[in-house]
Amino acid sequence: MSQIQRNPRSTLHALIPYGKGTSEVESLVSYFCRLAASHSVSTLVLSRTIAEHFEQIVAAGFDWHERQIAGIRESAFTWSAGLSALTSVQGLDRLTFLPWREVISQNGLSIVKRGQFCSACFAEDIECGRQPYFRLAWESAEVSVCSKHGQRLTRHCQHCGKDNVRHAAAFVVPGWCTHCGVPLAKAKEYQADVAIEPDELWRARQVGELLASQESITAEVSRNTYLAGITRIITELHKGHSASFARRIGIAKSTVHHWFKGDGTPTLAISMKIAAHHGTSLKQLLTGDLSDWQPPMIQKQLVLQLSSAVPKPHKTPREIDWLEIEKQLSTFLLLPTPISVLEAARRLDLEARQLYLRANKTTRQLGERWKTYLKRRQESKVIAAWPYLEVACLDLWAEGKAVTRREIVARVPEEILSPVANLLNVLKEVQAHLQRTGENENTHT
Ligand SMILES: [Zn+2]
Ligand SMILES: [Zn+2]
């Protein structure tokens with residue numbers, strides 16, 4: 001078992017993400033751009049590297065700008081797992097909104113189409129001696145201001161005036177305009193003409209608080225707990241009437257019904273409204289932790305009409321015991337015949353992506369062992385086929401024919417030939433070898 005590398009070297013630089021555990025946590029978009037820059041490659045080349053490495057999961061030849069990689073959908077899952085696999089940095093899904101995927105509907109998180117930023121945040125990055133980076137909060141369309149600097153986020157370069165200059169380019173250095181190359185950093189200055197609404201500031205703070213908490217979340221955030229919290233709100237503030245609750249936040253009663261009786265999950269915008277109208281924070285609401293919540297106005301009710309607000313039992317996400325998974329993965333490492341990461345994931349009833357995100361090192365060890373095994377297995381097939389190929393080449397030369405795949409297929413048994421990958425390359429090697437030995441014999445005679 002000496003072949004098992006203790007910690008296989010990562011393929012890409014193991015950059016440490018900025019701001020983990022704070023409201024200023026870095027976004028995966030930023031991490032991806034910084035990684036490309038640190039390898040001096042374009043974002044396209046880096047996305048192809050990831051696509052190639054993960055060919056079972058990511059389709060090659062696609063535009064990464066289109067994929068909301070810091071969002072909440074499958075693409076965020078795949079990209080964070082892919083980057084964790086290649087950089088050896090575990091848990092890169094915490095640079096996305098994925099920790100909230102149970103309580104924000106798939107289409108319920110609006111991601112800004114054009115990259116917005118706070119120039120004062122960039123200025124502060126430079127002042128503190130770190131690389132400028134994009135905050136995850138900036139990806140949310142709910143966030144329009146920087147709560148730290150109290151100024152509006154922008155998409156424009158103050159030098160060339162171009163729009164969408166944050167990262168929409170082949171080469172991106174976060175913090176510099178992708179159009180004219182001038183720094184986007186600018187110390188905060190008083191802008192009397194740009195008023196900031198208290199509501200905007202409130203929303204930015206709510207998202208910030210949410211993101212600050214997601215690093216420390218251990219258990220999956222559960223939809224059932226979330227809906228139980230909403231039930232409590234409906235009970236205490238709307239006498240159990242979901243219609244009154246729906247009216248209050250300006251949505252159809254059927255929408256509320258769909259959450260409780262169907263598979264519907266509120267959008268982030270609606271959760272914001274619920275929080276704002278009922279005196280909870282967004283984080284309290286989404287985590288269902290209303291223990292500190294004081295209803296803004298207590299209304300005693302005698303009869304609870306809860307029939308419409310009792311959630312239908314919903315499949316809770318499986319609690320995963322990662323210590324146990326680690327143990328299992330370690331036993332897989334000792335199997336006499338190595339298995340692939342995909343196979344390991346299948347046996348554990350998990351996804352390879354989860355393994356890369358939560359059990360990074362052992363998973364990469366499995367991956368390395370499998371690659372080495374495949375290489376060896378391929379080598380042994382070539383060794384077995386080699387004498388047949390030599391004979392076939394010599395025969396073809398003697399007959400004055402060219403060595404083509406077709407001629408070889410006609411001369412070598414299929415069971416010998418079919419396991420050989422890259423047959424044409426192998427044939428080139430065989431011929432080069434024969435030529436060398438031929439020349440040697442000539443010089444000796
Ligand atoms: Zn700022
Ligand atoms: Zn510019």
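Details of the structure are given in the entry above.
Parameters at a glance
Residues numbered from 1 in each chain as written. Chains lettered and ligands numbered in written order. Predicted model: local features only at pLDDT ≥ 70, side-chain atom pairs only at ≥ 80, totals over all residues. Heavy atoms only, no water. Helix = DSSP H or I, 4+ residues; strand = E, 2+ residues; numbered from the N terminus. Buried < 20%, exposed > 50% of the residue type's maximum accessible area, 1.4 Å probe, protein only. Contact = heavy atoms within 4.5 Å. Areas by Shrake-Rupley, 256 points an atom, 1.4 Å probe, with all protein chains shown as cover. Core = buried A, V, L, I, M, F, W, Y, C linked by side-chain atoms within 4.5 Å. Domains from an automatic or database assignment. Donors = N, O, S within 2.8 Å, 3.2 Å for Na, K, Ca; no water. Tetrahedral: all angles 85-135°; square planar, octahedral: opposite > 155°, others 65-115°. Phe/Tyr/Trp six-rings, centres within 6.5 Å; stacked < 30°, edge-to-face > 60°. Axes fitted to C-alpha atoms, helices over the stretch in contact; angles between N-to-C directions. Parallel < 35°, antiparallel > 145°, perpendicular 65-115°, else oblique. Nonpolar A, V, L, I, M, F, W, Y, C, P; charged D, E, K, R; others polar. Expected span 1.5 Å × (residues − 1). Polar contact = N/O pair within 3.5 Å; in protein donor to acceptor, adjacent residues only side chain to side chain.

### Quick word on the overall build of the protein
Looking only at helices and strands, the protein has 17 helices and two strands in total. The buried share among the 445 residues of the protein stands at 45%. Within the protein, residue pairs in contact and separated by at least 24 positions form 71% of the contacts whose partners lie at least 6 positions apart. For the protein, the exposed area adds up to about 22700 Å²; of that, 51% sits on carbon and sulfur atoms.

### Let's talk about the nonpolar core
Judged by nonpolar contacts, the single largest core of 78 residues is most densely connected at F97, W100, I230, F245, W259, I274 and L286. Ranked by residues supplied to this core, first place goes to helix α1 (residues 28–38) with seven residues. Taken domain by domain, the makeup of this core includes at least three residues from each of domain 1 (1–218) and domain 2 (223–309). The contacts of W259, once residues within four sequence positions are left out, are R223, L227, I230, F245, I251, G264, T265, P266, I270 and I274.

### What to know about the coordination of the zinc ion (ligand 1)
A metal bound by six donors in octahedral fashion has ideal angles of 90 or 180 degrees, whereas one bound by four tetrahedral donors has an ideal angle of 109.5 degrees. Within the protein, the atoms that donate to the zinc ion (ligand 1) are C118 (SG), C121 (SG), C146 (SG) and H149 (ND1), at distances of 2.1 to 2.3 Å. Angles of 104 to 114° at the metal separate the four donor atoms of the zinc ion (ligand 1), which places the site in the tetrahedral class. Look at where the donors of the zinc ion (ligand 1) fall in the sequence and you get C-x2-C-x24-C-x2-H. C118 sits in the buried class, given a relative accessible area of 0%.

### Side note on the coordination of the zinc ion (ligand 2)
For the zinc ion (ligand 2), the full set of protein donor atoms is C157 (SG), C160 (SG), C177 (SG) and C180 (SG), at a range of 2.3 to 2.4 Å. Metal-centred angles of 105 to 112° between the four donor atoms at the zinc ion (ligand 2) mark the site as tetrahedral. For the zinc ion (ligand 2), the donor residues sit on a single chain with the sequence spacing C-x2-C-x16-C-x2-C. You can see C157 sitting in the loop between β2 (151–152) and α5 (198–213) and its partner C180 sitting in the loop between β2 and α5, a full 23 residues away along the chain. Under the relative-accessibility criterion, C157 is labelled buried at 3%.

### As for the packing of aromatic side chains
Taken as a whole and assessed by the stated rule, the structure comprises seven aromatic pairs. Between F122 and W138, the aromatic rings sit 5.5 Å apart at their centres with planes inclined by 85°, giving edge-to-face as the arrangement. Highlighted residues: F122 in helix α4 (residues 119–127) and W138 in the loop between α4 and β1 (145–146), separated in sequence by 16 residues. Since its relative accessible area comes to 3%, W138 is described here as buried. Both rings, one in F245 and one in W259, keep their centres 6.5 Å apart while their planes meet at 75°; by these two values the pair is edge-to-face. In this pair, F245 sits in helix α7 (residues 242–249) while W259 sits in helix α8 (residues 253–261), placing the two residues 14 residues apart along the sequence. Both residues of the pair, F245 and W259, count as buried. Clustering of aromatic rings is evident, with ring pairs tying together F117, F122, F134 and W138.

### Quick notes on the packing of α7 against helix α9 (residues 268–278)
Orientation of α7 relative to α9, taken along the N-to-C sense of each, is 100°, at an axis distance of 9 Å. As summarised for this structure, α7 and α9 are arranged roughly perpendicular, according to the angle between their axes. Residue-level contacts link F245, R248 and I249 of α7 to I270, K273, I274, H277 and H278 of α9. Taken together, the residues that form the contact of α7 with α9 break down as four nonpolar, two polar and two charged.

### A few points about helix α6 (residues 223–237)
For an α-helix, 3.6 residues make a turn, and residues three or four places apart therefore share a direction. A rise of 1.5 Å per residue sets the reference length of α6, with its 15 residues, at 21 Å; its end C-alpha atoms lie 21 Å apart and thus fit the reference within 8%. Three or more residues of α6 are buried, namely R223, Y226, L227, G229, I230, T231, I233, I234, T235 and L237. Check the buried side of α6 and you find it contacts α7, α8, α9 and α10 (282–287). The N-terminus of α6 is capped by S222, whose side-chain oxygen sits 3.2 Å from the backbone nitrogen of N224. One or two steps after α6, the chain reaches K239, where phi turns positive at roughly 50°.

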